[in-house]
Amino acid sequence: GSSPTSGSSTGSLLLPLPLPLLVFPLSLEAACAYVLIVTAVYWVSEAVPLGAAALVPAFLYPFFGVLRSSEVAAEYFKNTTLLLVGVICVAAAVEKWNLHKRIALRMVMMAGAKPGMLLLCFMCCTTLLSMWLSTPPPTAMVMPIVEAVLQELVSAEDEQLVAGNSSAEEVNNSQPSLELIFEKPLVLIPGPRNQELNRKYKSQHDQMVCKCLSLSISYAATIGGLTTIIGTSTSLIFLEHFNNQYPAAEVVNFGTWFLFSFPISLLMLVVSWFWMHWLFLGCNFRETCSLSKKKKTKREEVSEKRIQEEYEKLGAISYPEMVTGFFFILMTVLWFTREPGFVPGWDSFFEKKGYRTDATVSVFLGFLLFLIPAKKPCFGKKSDGQNQEPSLGTEPIITWKDFQKTMPWEIVILVGGGYALASGSKSSGLSTWIGHQMLSLSGLPPWAVTLLACILVSIVTEFVSNPATITIFLPILCSLSETLHINPLYTLIPVTMCISFAVMLPVGNPPNAIVFSYGHCQIKDMVKAGLGVNVIGLVIVMVAINTWGVSLFHLDTFPAWAKVSNITDQA
């Protein structure tokens, strides 16, 4: 809903919808489809908060007898939730000790205050991070940094305006805002505060820069996630399902996936940067991206000077900052070396295989942050320690309060709702029914089947969480490609990639939800920018799978391993 009033009226209209269905008996598939539609309508209309809408399957499924209450409940807290908990512990520490501010200011000092270069700089950073982490953590880590940079740029302009021609009253107004911003860590901002936020832009240009930067972080995270098979949950689910379905096929691993998708990511990054720039900042690339020192406007000079001063204010790097930075790097390294794919990782040192996931690492490191004191342990040097940080006492690096402030429970429940919907549509037989409907495609050439599947998936994934979408479509597409005698990878790989392009709505994927919660962009901005990124991605993936994908995965033949699976299915 664009305004809270319109939202609540839609909500009251939707309330009576389930009543007739409780009276008339329904088939399981129909009941499940109905729950799916109601949840989707709530997500799209935003009549209730996204998290609350995600709870709809929790009571409707047991009502209709689709799933037991305990089965639905189990879907809401998965391994990914644990992963997020651990990551948020580190993110809370990063924010509490202002590490993100240090990194942000350092980056802006390197890129300069030109919006175009900043945009590219941030996009590259996020993409690099999300190659090795799943997509929500990098977004959650980079967004506070972007927010800090935007505040710096906007407030630097304030100062200049103030110095120029304004009364003392305005000086007082512009100052505290900045102090407030950095006193407390930047927490995810819930919806109703959008009205307040609208007042903080000084000009249309500022607002556009804010929208552009925050949205492009979400897209960069998505693009980075494509690059490695560990980058997104969708590619992991694909790998798991593919290996279960075709145990004889040893085609897809970390290495081959990387070779296939790295060029895609590079192309997408560059084209999306141009698209975002053109959409929000116009076509004057010369002006927003020039690196020469001469062409700086007065306003940019002030911004840069201001940022330099802010950076010097931070002083030398503190002990808690060093610990947090170390944990951040350690987490990334441990994630990457757990099962890199091309060499045995540290998981192979354990006797029992497959017990540890990325979540294990993040929760363990998160737990340690509650344990390690924020005060440097001083051996013998009593007097020095007392002068330094007397206020800290024995406080750990993060407390439970810090964690609670940063933990996005709405997103956790949102993702849980997606899993619940997926498991319902699987157990009620809705997904097999959809599969049978798709067999009518058998008259089309392979590339058209793949393209249609990609477009369909791109639409569905906007409303249903990515893991849910891929869980529904994988079995359908496997049977489809076996029926049509196409190499299953020819449809599966593009579809897996297109599912990640759920970039048009806040419910599409967690990075979007995180970015949206900062309140710079409305749904219409997301849809407009996301549609472009979606089309760019679709075109590049279709080109890739028909060029270097063919030689990499031998897609021009119907392989022996698919035949074997086909026979066993029909037997």
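Residues numbered from 1 in each chain as written. Predicted model: local features only at pLDDT ≥ 70, side-chain atom pairs only at ≥ 80, totals over all residues. Heavy atoms only, no water.

Draft legend 1. Molecular detail of the overall build of the protein chain. Looking only at helices and strands, the protein chain has 30 helices and 0 strands in total. Here the protein chain holds 571 residues, and the buried ones make up 53% of them. Sequence-distant contacts in the protein chain: of pairs separated by 6 or more residues, those separated by 24 or more amount to 81%. Total accessible area on the protein chain stands at roughly 26,000 Å², and carbon and sulfur atoms take up 67% of it. (Helix = DSSP H or I, 4+ residues; strand = E, 2+ residues; numbered from the N terminus. Buried < 20%, exposed > 50% of the residue type's maximum accessible area, 1.4 Å probe, protein only. Contact = heavy atoms within 4.5 Å. Areas by Shrake-Rupley, 256 points an atom, 1.4 Å probe, with all protein chains shown as cover.)

Draft legend 2. Layout of the side chain of Thr 496. Position of Thr 496 among the secondary structure elements: in helix 26 (residues 488–499). Look past the residues within four positions of Thr 496 in its chain and what remains in contact with it is Thr 234, Ser 235, Phe 238, Trp 257 and Ile 470.

Draft legend 3. Inspection of a nonpolar patch on the surface at higher detail. Side chains of Leu 531, Val 535, Val 539 and Val 543 sit close together on the surface and give an oily, nonpolar patch of about 330 Å² of accessible area. Judged by its relative accessible area of 47%, Leu 531 is partly exposed. (Patch = residues over 30% accessible without salt bridge, like charges linked within 9 Å, V, L, I, M, F, W, Y side chains within 5 Å. Salt bridge = Lys/Arg side-chain N within 4 Å of Asp/Glu carboxyl O.)

Draft legend 4. View of the pattern of salt bridges. Counted under the stated rule, the structure contains 5 salt bridges. Linking Asp 402 and Lys 96 is a salt bridge whose minimum nitrogen-to-oxygen distance equals 2.9 Å. With Asp 402 in helix 21 (residues 400–406) and Lys 96 in helix 7 (residues 79–96), this pair connects stretches of sequence that are 306 residues apart. Judged by its relative accessible area of 22%, Lys 96 is partly exposed.

Draft legend 5. Expanded view of the nonpolar core. Core analysis: the biggest nonpolar cluster contains 118 residues, and Phe 122, Phe 238, Phe 242, Val 252, Met 268 and Leu 489 have the highest contact counts within it. Not counting chain neighbours up to four residues away, the residues in contact with Val 252 comprise Ile 229, Phe 238, Leu 239, Phe 242, Trp 257, Leu 489 and Phe 553. Counting residues in hydrophobic clusters, the runner-up holds 29 residues, among them Leu 83, Val 85, Ile 88 and Val 90. (Core = buried A, V, L, I, M, F, W, Y, C linked by side-chain atoms within 4.5 Å.)

Draft legend 6. Broad picture of the environment of Glu 482. Considering the arrangement of structural elements, one finds Glu 482 in helix 25 (residues 466–483). For the pair Glu 482 and Lys 563, spaced 81 residues apart in sequence, the C-alpha separation works out to 7.7 Å.

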